[in-house]
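Report on the structure
Residues per chain, in single letters:
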Amino acid sequence: MTITIQMLQETLNMFLFLGVELTLLFLLISYLVGVLQHYIPPEKISSILSGRKGKGYIVAGLLGVITPFCSCSTIPFLKGLLRARAGFGTMMVFLFASPLLSPVILGLFAVTFGLQVAVFYFFVAMTIAVIAGYSLEKLGFEQYVRAGVYQEVTPGKACATTCGDSGVKVNRWLSIWHSTWGDFKKVFPFLMAGIALGSVIYGVMPTDFVAEVASENNPLAVPVAAVIGIPLYIRAEAVIPLSAALASKGMALGAVMALIIGSAGASLTEVILLKSLFKNQMIIAFLTVVISMAIAAGYLYSYLF
């Protein structure tokens, strides 16, 4: 394939456009989330889930929305919930919802694919997370939690944005901004890598190739995208601009949806960390739920839209 000047120009233009747009969006949403987390810290979340088990499923899903942890930080937070005996079903809802329904992902969805797609994604992910958490509890999967987890006394600490007192009196809003900027600097390489890869795909990848292997005409496009998404794990900040580029080349939006859920909902790193908490039966159940969620969302979106 010959790369032309026009292809390079389209790649550069897309990179600049996405870079500015998604940077501003990430900073704005992350700052607003930091304000929320100042008033609802992780300790408060644990207290809510531990003390209100009756309505914990919906609450756990909604708390997952305002706690945009990466998969690496969800695990130590989950360990703290396990020690607090917060309720196995509610903890599972939180485990599924937290990485998939962060405001950053929802905001990027709305900007990249439209508000309708973002609302659909939220509804499907939330519904399946609640159903999965309830079902796993009723089926007795709590028996597959490793016994040593409950005995551990070292407090887990999530890497979410916090605004605690550091001993120096700093303006509250400025402190949140410093935390937001620190988080952004950590995410920046992943965000730029995703935008760069997406821009190259947009400018260079042949449309015919994408349309042939992942278009609506291929009935296996959705499950293949769901399965590929897990080992192909990319942070959501990067996979959404990447998926937008694939969609622009003819990839069916159902397959795009499955790819995003598979890649954001689970990763090889997360599975390895979960091995310290759960036995193999629970690990298999976790992966089954994520893949099923990705496939269901992909096919449902294709059918409805």
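None of these values were measured; they are calculated from a predicted model.

A few words now on the packing of aromatic side chains. In the structure shown here, the tally under the stated rule is seven aromatic pairs. Pairing F109 with F113 gives two aromatic rings, centres 5.7 Å apart and planes at 50°, and the pair type is tilted. Within this pair, F109 and its partner F113 are both found in helix 6 (residues 103-113), separated by four residues, close to a single helical turn. Looking at F113, the relative accessible area reads 18%, which means it is buried. Among the aromatic residues, those joined into a ring-pair cluster are F109, F113 and Y121. Seen from the ring of W173, R172 lies directly overhead, with NZ or CZ sitting 5.6 Å from the centre.

Among the secondary structure elements, T180 is positioned in helix 9 (residues 172-204). In this structure, the C-alpha to C-alpha distance between T180 and F26, residues 154 residues apart in sequence, is 9.3 Å. Setting aside its immediate chain neighbours within four residues, T180 contacts L27, S30 and Y31.

Glancing now at the UniProt feature "transmembrane region" (unreviewed entry) in the protein. Within this structure's numbering, the places UniProt gives as "transmembrane region" (unreviewed entry) are residues 12-36, 56-78, 90-111, 117-136, 187-205, 220-240, 252-277 and 283-304. Helix and strand shares over residues 90-111 are 91% and 0% respectively, and the end C-alpha atoms of the span are 30 Å apart. In the segment residues 283-304, helix accounts for 100% and strand for 0%; the C-alpha atoms at its two ends are 31 Å apart.

One broad rule of soluble globular proteins: the nonpolar side chains tend to lie buried together. Ranked by size, the top nonpolar core spans 81 residues in total, and within it M92, F109 and F278 carry the most contacts. Per-element tally for this core: the top contributor is helix 7 (residues 115-138), with 11 residues. Beyond its immediate chain neighbours, meaning those up to four positions away, M92 contacts L78, G133, L136, F278 and M282.

We now examine a nonpolar patch on the surface. A surface patch of nonpolar side chains, about 460 Å² in accessible area, is lined by L300, Y303, L304 and F305. Given the relative accessible area of 45%, F305 is considered partly exposed.

Next up on the list: empty space enclosed by the protein. Scanning the model with the defined rule gives one cavity of 30 Å³ or more in all. Considering only enclosed or pocket space, the largest cavity measures out at about 40 Å³ in volume. Lining of the largest cavity is provided by F109, F113, V117, L253, V256, M257 and Y301. Only helix 6 and helix 13 (253-265) provide two or more residues apiece to the lining of the largest cavity. Tallying contributions element by element places helix 13 first for the lining of the largest cavity, with three residues. Broken down by class, the residue content of the lining of the largest cavity amounts to seven nonpolar, no polar and no charged.

This next bit is on the packing of helix 3 (residues 56-65) against helix 7. Between helix 3 and helix 7, the least distance of the axes is 10 Å, while the angle of their chain directions is 135°. Taken together, the axes of helix 3 and helix 7 are oblique relative to one another. The hand of the helix 3/helix 7 crossing is right-handed. Mapping the contact onto sequence places Y57, I58, G61, L62 and V65 in helix 3 and F122, M126, V130, G133, Y134 and E137 in helix 7. Residue classes in the contact of helix 3 with helix 7 are distributed as eight nonpolar, two polar and one charged.

The next thing to look at is the packing of helix 6 against helix 7. In contact at an axis separation of 6 Å, helix 6 and helix 7 are set at 145° when each is read in the N-to-C sense. On helix 7, the residues that touch I105, L106, F109, A110 and F113 of helix 6 are L115, V117, A118, Y121 and F122. Of the residues belonging to the contact of helix 6 with helix 7, the class tally is 10 nonpolar, no polar and no charged.

This next bit is on helix 13. Over its 13 residues, helix 13 extends 18 Å from the first C-alpha to the last, a length consistent with the 18 Å expected when each residue adds 1.5 Å. Taken across its 13 residues, helix 13 has 12 buried, putting it largely inside the fold. Turning to helix 13, its buried residues number three or more, namely G254, A255, V256, M257, A258, L259, I260, I261, G262, S263, A264 and G265.

This brings us to helix 7. Between its first and last C-alpha atoms helix 7 spans 35 Å; for 24 residues at 1.5 Å apiece the expected length is 34 Å, and the two agree. One or two positions beyond helix 7, positive phi appears at G140, with a value near 80°.

A few words on the environment of Q281. Among the structural elements, Q281 can be located in helix 15 (residues 280-304). With a relative accessible area of 39%, Q281 lands in the partly exposed category. The spacing of Q281 and F141 is 140 residues in sequence and 8.1 Å in space, taken between C-alpha atoms. Among all residues touching Q281, those that are not within four sequence positions of it are F141 and Y144.

Analysis parameters
- Residues numbered from 1 in each chain as written.
- Predicted model: local features only at pLDDT ≥ 70, side-chain atom pairs only at ≥ 80, totals over all residues.
- Heavy atoms only, no water.
- Phe/Tyr/Trp six-rings, centres within 6.5 Å; stacked < 30°, edge-to-face > 60°.
- Helix = DSSP H or I, 4+ residues; strand = E, 2+ residues; numbered from the N terminus.
- Buried < 20%, exposed > 50% of the residue type's maximum accessible area, 1.4 Å probe, protein only.
- Lys NZ or Arg CZ within 6 Å of the ring centre and 35° of its normal.
- Contact = heavy atoms within 4.5 Å.
- UniProt positions renumbered as here; feature names shortened; annotations may be inferred.
- Core = buried A, V, L, I, M, F, W, Y, C linked by side-chain atoms within 4.5 Å.
- Patch = residues over 30% accessible without salt bridge, like charges linked within 9 Å, V, L, I, M, F, W, Y side chains within 5 Å.
- Areas by Shrake-Rupley, 256 points an atom, 1.4 Å probe, with all protein chains shown as cover.
- Salt bridge = Lys/Arg side-chain N within 4 Å of Asp/Glu carboxyl O.
- 1 Å grid on protein atoms, 1.4 Å probe; cavity = no way out; pocket = protein on both sides within 12 Å on 5 of 7 lines; lining within 4 Å.
- Points joined across faces, edges and corners; volume = space filled by probe spheres on them.
- Nonpolar A, V, L, I, M, F, W, Y, C, P; charged D, E, K, R; others polar.
- Axes fitted to C-alpha atoms, helices over the stretch in contact; angles between N-to-C directions.
- Parallel < 35°, antiparallel > 145°, perpendicular 65-115°, else oblique.
- Left-handed = near helix turned anticlockwise from the far one by under 90°.
- Expected span 1.5 Å × (residues − 1).

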